[in-house]
Amino acid sequence: MRVNMEKFVVALLGVIGLTWTFSTATQVGLADKVLVFPYETDFSFVALTPQKEMSLKAFTLCMRVATELPEERQIILFAYRTADYDELNVWRERDGRVSFYMSGDGAFFHLPPITTFRSSLCLTWESRTGLAAFWVEGKRSTYQVYKPGHTIRPKGTIILGQDPDKHLGGLEAVQSFVGEVTDLNMWDFVLSRSMIQAWHYGHKVPKGNIFDWATIEYALNGNVMVVDDD
Amino acid sequence: MRVNMEKFVVALLGVIGLTWTFSTATQVGLADKVLVFPYETDFSFVALTPQKEMSLKAFTLCMRVATELPEERQIILFAYRTADYDELNVWRERDGRVSFYMSGDGAFFHLPPITTFRSSLCLTWESRTGLAAFWVEGKRSTYQVYKPGHTIRPKGTIILGQDPDKHLGGLEAVQSFVGEVTDLNMWDFVLSRSMIQAWHYGHKVPKGNIFDWATIEYALNGNVMVVDDD
Amino acid sequence: MRVNMEKFVVALLGVIGLTWTFSTATQVGLADKVLVFPYETDFSFVALTPQKEMSLKAFTLCMRVATELPEERQIILFAYRTADYDELNVWRERDGRVSFYMSGDGAFFHLPPITTFRSSLCLTWESRTGLAAFWVEGKRSTYQVYKPGHTIRPKGTIILGQDPDKHLGGLEAVQSFVGEVTDLNMWDFVLSRSMIQAWHYGHKVPKGNIFDWATIEYALNGNVMVVDDD
């Protein structure tokens, strides 16, 4: 197992708005790699650069994720933030529910627990109807109607491992992600059930046009390892 | 994803007996469609018109159902009421058991939880023996003997989403259904194990002669969505 | 669905020893039938007549069983008693473990719960080594060593549904079986893993030489139903 560990320089957060100063150069492509967040920190994260502007009326976000964190621990799974808003944050809540937030109150779902075994997790949302659902191991949750008509704003910052918005830019260890993430992909439309199941089983699907794990642009910060997936 | 949302005019309940004034015209056929009850309300429901009189000495009722509601929340799953009696009500109880009631005390079953993922749920009952069972994912529960000799009375009202009988006709949000229902079918006889398993797996079975989802007559009330099943 | 319900005359228990006066004649054969114990009683049971003397240095006991009783409820699953001893009693204990007792202290096993859905359950024991195991759905539990050298005594009474030995012959409703039993078979030797799995899947296996469900001699007492298995 080859390991590529990046040591850390703290990210500076502007007092007004949000300015990340990345400690490491951007790298490209994580095919057959896993991001390992080995410890609870308030400084380890991975910044992601999207392939296109994040002005979104619909999306599908998929990833494979595993954690040893206890069930009652809050965990940030994905964070996309513009200057004033959490545009799209995905959480495992303290009560075990999985949730997402777009600029305000969230939508909460009762899903099977995220455990030490890798879960395949997708989230779909469409502005026209507001229909939102999580997909676990290719199985769809009950639909919820969440923010019909809303648009996700572009030109923000996307990070894995930390929630950047609490208390004017501070990162909190007790919300950080500890565990593994791999195969993160994002599309600017809602994938069909058969496509999501194909992705779950590792079959060929249309490449993510926002994030494609094989060609993803990323920058490691703090203590995050890139490990062969075997 | 096409969505057909019907806005609402409140249902009037007569002080004596039960008179529904439906806000919407009756529609026909829900093949490949799902009913989505997105919020907790005391006014959203779907009225169903049976193909034949509901004078029943036996029945099989099947549906696919999913909910995000917490485990300790009471949920009405099916309600058939005549003027003075709950002829056939199916509930998820506060203690998690699934139950049904015909004109009085109910029968309670310990089943796997009804979750955010779709469950296939059938209920069979036969008057001659009183044998009653639920079937989850094609597997039969233990038989219970419930009201041998009883007959379900005809000429009532069948609704999904609300329990129409509490407190002189009032609907209660805390009992309402939130989630998805699809593929509801009902027969005036007890289907065999192999037929119920065939239905569970989506294979061809004799069409429901009380309700057949593909040709069901229904009227939407309040905030209920008809969504493509994909 | 044909049902054969037997109404009840109470069983008389001698003050010294144990004398059953059965209310019904012995019947033969339960192929494709299920015994349904619909209510908690202190008087419903089925007496079984073995094909050969129950002097046993080894055995395999198999049955399919389902119950609606709550997890913390003690349940008698099989009782074989001679005048002074519980020769072979099988229990679901209050703590959820499954156990068996031969003339004294028992052996306790952590098995998957016995639920409303039918479980296939076997028990094997051999005197020479004392090796004892339960088999659930064809999968063996960890072996325990229990009473090596012991012999089960003959000329007792075998019943399903009640435990006959508490408090000088009294039957207790709180220990009674409620639910379904079918396909009970017993051999005077230890079946191989492949044979037990074959039995589990309903394939052909050597007929039980103590009990063979298809030709079993039984007498119904109290409220026990014989129902077609479909």
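Remember, predicted model here, so these are calculated numbers, not experimental data. (Residues numbered from 1 in each chain as written. Chains lettered and ligands numbered in written order. Predicted model: local features only at pLDDT ≥ 70, side-chain atom pairs only at ≥ 80, totals over all residues. Heavy atoms only, no water.)

1. Description of the overall build of chain A
Alright, step 1. Along chain A, the regular secondary structure elements total one helix and 17 strands.
Alright, step 2. Pairs at least 24 residues apart make up 70% of the contacts formed inside chain A by residues separated by at least 6 positions.
Alright, step 3. On chain A, roughly 9,800 Å² of surface is accessible, and the fraction owed to carbon and sulfur atoms is 55%. (Helix = DSSP H or I, 4+ residues; strand = E, 2+ residues; numbered from the N terminus. Contact = heavy atoms within 4.5 Å. Areas by Shrake-Rupley, 256 points an atom, 1.4 Å probe, with all protein chains shown as cover.)

2. Observations concerning the pattern of salt bridges
Alright, step 1. For the coordinates displayed, the defined rule picks out 35 salt bridges over all chains.
Alright, step 2. Taking the shortest distance from any N to any O, the salt bridge between C:R73 and C:E40 comes out at 2.7 Å. One end of the pair, C:R73, is in the loop between β5 (58-66) and β6 (75-81); the other, C:E40, is in the loop between β3 (33-37) and β4 (45-49), and 33 residues separate them in sequence.
Alright, step 3. Assessed through its relative accessible area of 10%, C:R73 is described here as buried.
Alright, step 4. The partner of C:R64 in a salt bridge is C:D183, with the nearest N and O atoms 2.9 Å apart. With C:R64 in strand β5 and C:D183 in strand β15 (residues 179-187), the pair connects residues that are 119 residues apart, well separated along the chain.
Alright, step 5. Several salt bridges share partner residues, and in doing so they unite B:R140, B:R193, C:R118, C:E180 and C:D229 into one network. (Salt bridge = Lys/Arg side-chain N within 4 Å of Asp/Glu carboxyl O. Buried < 20%, exposed > 50% of the residue type's maximum accessible area, 1.4 Å probe, protein only.)

3. Digging into the sheet that holds β4(C)
Where strands meet in a sheet, backbone hydrogen bonds hold them as pairs that are either parallel or antiparallel.
All names here are of chain C.
Alright, step 1. Strand order in the open sheet formed by eight strands is β2-β16-β4-β14-β6-β7-β8-β9, and the pairing between neighbours is antiparallel. Two strands close off the open sheet at either side, each with one partner strand: β2 (27-28) and β9 (106-109).
Alright, step 2. Pairing geometry for β6 and strand β14 (residues 157-160), over three bridges, is antiparallel. Within the sheet, the bridge partner assigned to R81 lies in β14 and is T157. (Pairing = 2+ DSSP bridges.)

4. Quick look at the relation of the copies chain B and chain C
Alright, step 1. Taken as rigid bodies, chain B and chain C are interconverted by a rotation of 90° and an axial shift of 0.5 Å, the fit giving an RMSD of 0.0 Å. Within this description, the copies of the chain are treated as partners about a four-fold rotation axis. Among all C-alpha atoms of chain B, that of B:P112 lies closest to the rotation axis, at 9.8 Å. (Least-squares fit on C-alpha atoms with pLDDT ≥ 70 in both.)

5. A look at the sheet that holds strand β8 (residues 98-101) of chain A
All names here are of chain A.
Alright, step 1. Strands sit in the order β2-β16-β4-β14-β6-β7-β8-β9 across an open sheet of eight strands; the sheet is antiparallel. Edge positions in the sheet fall to β2 (27-28) and β9 (106-109), since each has one partner strand and no second.
Alright, step 2. Alignment of β8 against β9, held across four bridges, turns out to be antiparallel. Bridge pairing links Y101 to G106 in β9.

6. Quick look at the side chain of B:T142
Alright, step 1. Along the chain, B:T142 turns up in the loop between β12 (139-140) and β13 (144-145).
Alright, step 2. Given a relative accessible area of 2%, B:T142 falls into the buried group.
Alright, step 3. Excluding its chain neighbours within four sequence positions, the residues that come into contact with B:T142 are B:F109, B:A132, B:A133, C:A66, C:T67, C:E68, C:T115, C:T116, C:G179 and C:E180.

7. Digging into the interface of chain B and chain C
Alright, step 1. In this assembly, 19 residues from chain B lie in contact with 19 residues from chain C.
Alright, step 2. Looking only at chain B, the three residues that lose the most surface to chain C are B:T142, B:Y143 and B:V145, adding up to 35% of its buried area.
Alright, step 3. Taken together, the links from chain B to chain C amount to two salt bridges.
Alright, step 4. B:R140 is the partner of C:E180 in a salt bridge, and the nearest nitrogen-oxygen pair spans 2.6 Å.
Alright, step 5. Run the count over chain B and chain C and you get five residue pairs in polar contact (both at pLDDT 80 or more).
Alright, step 6. Listing elements by their share of the side of chain B that touches chain C, those giving two or more residues are β9 (106-109), β11 (131-136), β12 and β13 of chain B.
Alright, step 7. Counting residues per element, the side of chain B that touches chain C draws most heavily on β11(B), which supplies three residues.
Alright, step 8. The residue makeup of the side of chain B that touches chain C, split by class, is nine nonpolar, five polar and five charged. (Buried area = accessible area lost by both parts, 1.4 Å probe. Polar contact = N/O pair within 3.5 Å; in protein donor to acceptor, adjacent residues only side chain to side chain. Nonpolar A, V, L, I, M, F, W, Y, C, P; charged D, E, K, R; others polar.)

8. Quick look at helix α1 (residues 193-200) of chain A
Residues and elements named next belong to chain A.
Alright, step 1. For α1, every residue scored as buried is listed here: I196, A198, W199 and H200.
Alright, step 2. Lining the buried residues of α1 we find β5 (58-66), β10 (119-126), β11 (131-136) and β15 (179-187).
Alright, step 3. Count one or two residues on from α1 and you reach G202, which has phi positive near 80°.

9. Examining the interface of chain A and chain B
One widely used convention gives an interface's size as the accessible area the parts lose upon coming together.
Alright, step 1. Across the boundary between the two partners, chain A contributes 19 residues, which contact 19 residues of chain B.
Alright, step 2. Between chain A and chain B lies a buried interface of about 1,600 Å² when both sides are counted; carbon and sulfur atoms form 56% of it.
Alright, step 3. One can count one salt bridge joining chain A with chain B.
Alright, step 4. Connecting chain A to chain B are five residue pairs in polar contact (both at pLDDT 80 or more).
Alright, step 5. Of all the secondary-structure elements, those providing two or more residues to the side of chain A that touches chain B are β9, β11, β12 (139-140) and β13 (144-145) of chain A.
Alright, step 6. In terms of residues, the side of chain A that touches chain B owes the most to one element, β11(A), which gives three residues.
Alright, step 7. Here the side of chain A that touches chain B is built from residues that sort into nine nonpolar, five polar and five charged.

10. With respect to a nonpolar patch on the surface
Alright, step 1. On the surface, a nonpolar cluster with roughly 260 Å² of combined accessible area is contributed by C:L131, C:Y143 and C:V145.
Alright, step 2. With respect to the secondary-structure elements, C:L131 resides in strand β11 (residues 131-136). (Patch = residues over 30% accessible without salt bridge, like charges linked within 9 Å, V, L, I, M, F, W, Y side chains within 5 Å.)

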